[in-house]
Amino acid sequence: MSEATLTRTPDRAKVTAWLQNYGVYLAVVVLLLFNVVFTENFLSAANFRTQLVQAAPVCIVALGMALVIGTEGIDLSVGSVMAIAAALIPLYLGAGPLTAIIVAIIAGIVSGLFSGYLVAYLGIQPIIATLALLVGGRGLALVIAHGQLIQVRNQDFLELGTGDLLGVPVMVIVAGVLAVLAGLVVQRTTFGRHLVAVGGNRAASTLAGLPVKRVLISVYVISGALAAIAGVLATSRLGASDPSDVGLLMELSAITAVVVGGTPLTGGRVRVLGTVFGALLMQLVQATLIKHNLPDSTAQMVQAAIIVVAVYVARERSSR
Amino acid sequence: MTATQTQARNAAFAGVLQRQGAAVVLVLGVAAAWFAFPHFGTADNLRSLVLQGSFLAVIALGMTFVIISGGIDLSVGSNYALGGVLAAYGAQYGLVVAILLPLAVCSLIGLINGLLIARTGMAPFIVTLASLLFARGLLLALTSEGATTYKVDPGSAFLWLGQGTIFGVGVPVYITLILFALGGLLLRRTRFGQSVFAIGGAEQSALLMGLPVARTKISLYTLSGALAGFAGVLTAAYLQSGVTVIGVGTELDAISVVVIGGTLLTGGAGTIIGTLVGVLLRTLIQNVINQIGTLDSNYQTVVSGAFLLVVVVIQRLLARSRTR
C-alpha cells in the first residue's frame, strides 16, 4: 500500500457517500440542463405539466415500494394490483366515482393484507409471496373485466386524470400529497421508526419487543393501497380500463425509482424525497430519449445501465 | 416410546411430502384428468403436453442451478426471446450459426450477470432485473422495435430441432431429457455441483473452505443464460420463426416450477427431478384448463399463481413442523 492509496481511500468513500445521498438530485438537474440546452420546446409550462403527470403513477407506487424495501422486503405485485383496481372501476362507476375509487382502494388493501400475511405470519419470502400475486393478480383482473378494455365516460371520474386544481394537474397534487404523507410517516411517527428498525435488524427488533409482524403487514397494505390509487389514476388519465396493459412492468419502474433514489435494497433506511426524484429521473430519461428520436429499445438499455450504476454506488455505501 | 416413534414417523412423512409433494400431486392430477377428460389420455394430447413443457423445462434447468446457489435469474425470459430471434435470424446462414449465435450472445449476457454478481457483490435480483431490460432492449433493436419477424426457410435442416419426431415424440423432448440427465450429473457427481450446494447453504463457509465461490457463480449465471438462449433456439425451430413477444413473464414461470419442484428459494437444497415434475405439473394445469374449454383462459394465470402459493405455503408449514 503506498501513501497515495491510503489518502485516496477516504476521498473515494466521501465521493461515494455524497453520490449516494445527492446523486439522484444531481442527475435530475444535469438532465434538466441538458434538455433546456439541447431539446427543442422543452422549456414550456405544457411540457413540464406532461412530465410531472407522467411521473405521478410511478412516483405513487414507488412510495409504497420504498416503505416495503425499507423493511428489507419487495413487492412485485404492484402492477397486478393496479390492473385489479382498473378492472373494478367500470363495474362500480354506476354507483358514483367515489364508490368506484373506494372499492378499488379496498381491493388494493386486501391484496396488501394477503401479501403481508404471507410475509409476516407465514414467513414466506417477500419475493415469492408477491410473485404469486403478480402472476395470479393480472389473471384475476382479466377475469373480472372478461379480458376486455372498457371505455370510461364518467366526467367526474375523468377529472382525476385530466383535470386541474388551481392550475396544477390533480394527479400531481395527489402524488405530492402522498409523498409528503410518506415523508411524515417515515420521519415523524413511531411506525416509521419501527419500520426502519425492522429493516435494519429484524432479530434485534423482535427482541426489543417491536410489533414486527404488524409493521410488516402494514407496509404491504400501504403498498397495495398506493398501487390501487395509481391504477385508478392511470385509468382516469387513459379514459379506459385496460387490465391487460395497465401497470405492466410497473414493479421494475418502481423498484428502480426507489433504488436510484438512494434506498438500499438491504433495508433499514427509507429516502422518500430520493424516491420522488428517482421517479422524476426515470421519466426524464425516457422523455429525453423520445424527444431525441431514440427508440424504445435504447430507452430500455439505458434504464438497465442506470439501475446497475445506481445499485453499484449504493453497494459501496451499504457494505461499510 | 411409541409416542416418539409416531413422532418420528410423522416427521419422516412430512419430509417425504415436502420433497415429493409435487410428484404426488402430479400423479393424482394426471389420474383425475385421465378420468375426467376423454381427450386427455390420447397419445396426441400426451405428446403435445410433453412437447409444450420441454421449452420451459430447459429454462427451468438453469434456474434450478441458480436458485440452489441462493441466487435468482430474472433475465431468462428476455434471453429466451432474444435467443429465439437470433436463431431464426442465424438460420439463413445454416444450422451451426442458428445454434451458436444465440448461445454465444445469451451466454455472454449470463456471463456479465455472473461477473457483476460475483465480483461486485450486487444483489442477483437487481443485476438480472437490469439484464432483463437490457436483453429485451437488444431484442427490440435487432427487430426494428419488434416490427421485423425473422422467418426460417421451410426447407432448413434447423427446423428438425423443433418439429422433428423420433418414435412419434418431438425432438425437443429428447433434447430436454438429455440436458436434464447431464444437469443431474453435474449437480450430484461433480465438484462444481458440490460448490453450488455449499454456496447456497452458507456462502461464508464456502469461502472459508476455499471453494471457488466467484468462479462458480459466474459459471452458473452463464449456464442459465445459455440454457435460456437454447430454449429460444428450440422454440424458434418449433415455431419456424423468431417471435419477439414470447418470454414475457417466463422468468416467473421458471421460478414457480423450480419452487414447486421442491427447491428452496433460500438456496442450499433442491433437485433437478423436482423441477421436471414442476414443469409437468404446470403443463398439466394448462392442459386441463384448455380441456375444460368453457373456462376463461385467464383463469390459467389465476390457477398458476394460486398453485405456486399453495405449494410454497405447504413447504413452509412442513419445514416449520419439522424444526419443532
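Residues numbered from 1 in each chain as written. Chains lettered and ligands numbered in written order. Predicted model: local features only at pLDDT ≥ 70, side-chain atom pairs only at ≥ 80, totals over all residues. Heavy atoms only, no water.

**A look at unusual backbone geometry**
All names here are of chain A.
- Positive phi values are uncommon outside glycine, yet Asn41 reaches one of about 55°.
- With phi around 55°, His146 is a residue other than glycine that occupies positive phi space.
- Inspection of the secondary structure assignment puts His146 in the loop between helix H5 (126–144) and strand S1 (150–151). (Helix = DSSP H or I, 4+ residues; strand = E, 2+ residues; numbered from the N terminus.)

**Re the interface of chain B and chain A**
- Each side of the interface is counted separately: chain B has 37 residues, and chain A has 38 residues.
- Interface area for chain B against chain A, summed over the two sides, is near 3300 Å², with a carbon-plus-sulfur share of 81%.
- It is B:Phe125, B:Leu133 and B:Leu309 that lose the most area in chain B upon contact with chain A, and together they represent 17% of the buried surface on that side.
- On inspection of chain B and its partner chain A, the count reaches 0 salt bridges. (Contact = heavy atoms within 4.5 Å. Buried area = accessible area lost by both parts, 1.4 Å probe. Salt bridge = Lys/Arg side-chain N within 4 Å of Asp/Glu carboxyl O.)

**Quick look at the nonpolar core**
- One finds A:Ile128, A:Leu131, A:Ile255, B:Phe125, B:Ile126, B:Phe158 and B:Ile255 to be the most contacted residues of the largest nonpolar core, which totals 173 residues.
- In terms of nonpolar packing, the next biggest core, distinct from the first, is built from 14 residues, A:Tyr25, A:Val285, A:Leu289 and A:Ile306 among them. (Core = buried A, V, L, I, M, F, W, Y, C linked by side-chain atoms within 4.5 Å. Buried < 20%, exposed > 50% of the residue type's maximum accessible area, 1.4 Å probe, protein only.)

**Structural notes on the packing of helix H7 (residues 171–189) of chain B against helix H12 (residues 272–292) of chain B**
Residues and elements named next belong to chain B.
- H12 packs onto H7 with a crossing angle of 150° between their chain directions and a minimal axis gap of 9 Å. The angle between the axes of H7 and H12 places the two elements in the roughly antiparallel class. Side by side, H7 and H12 meet where Leu177, Phe180, Gly183, Gly184 and Leu187 of the first sit next to Ile272, Thr275 and Leu276 of the second.
- The residue inventory of the contact of H7 with H12, partitioned by class, reads 5 nonpolar, 3 polar and no charged. (Axes fitted to C-alpha atoms, helices over the stretch in contact; angles between N-to-C directions. Parallel < 35°, antiparallel > 145°, perpendicular 65-115°, else oblique. Nonpolar A, V, L, I, M, F, W, Y, C, P; charged D, E, K, R; others polar.)

**With respect to the confidence of the model for chain B**
- Across chain B, pLDDT averages 88, with 91% of residues at or above 70.
- Mean pLDDT across the elements of chain B ranges from a minimum in helix H1 (residues 2–36) of chain B, with 74, to a maximum in helix H10 (residues 213–239) of chain B, with 96. (pLDDT = per-residue confidence, 0-100.)

**Digging into the environment of B:Gly53**
Residues and elements named next belong to chain B.
- Here Gly53 shows up in helix H2 (residues 43–68).
- Residues Gly53 and Gly232 lie 179 residues apart in sequence; the distance between their C-alpha atoms is 13 Å.
- If near-sequence neighbours (up to four positions away) are discounted, Gly53 is found in contact with Val279 and Thr283.

**Section: the packing of aromatic side chains**
- With the rule as written, the count across this model stands at 9 aromatic pairs over all chains.
- When the centroid spacing of 4.8 Å and the interplanar angle of 75° are considered together, the rings of A:Tyr25 and A:Phe277 count as edge-to-face. Separated by 252 residues along the polypeptide, A:Tyr25 in helix H1 (residues 3–38) and A:Phe277 in helix H12 (residues 272–291) bring together distant segments of the chain.
- The partly exposed category is assigned to A:Phe277, whose relative accessible area is 23%.
- Look at B:Trp34 and B:Phe40: their rings are 6.2 Å apart centre to centre, the planes differ by 70°, and that puts the pair in the edge-to-face class.
- When its relative accessible area of 1% is taken as the criterion, B:Phe40 is described as buried.
- Following the ring pairs from residue to residue traces out a cluster consisting of B:Tyr89, B:Tyr93 and B:Tyr150. (Phe/Tyr/Trp six-rings, centres within 6.5 Å; stacked < 30°, edge-to-face > 60°.)

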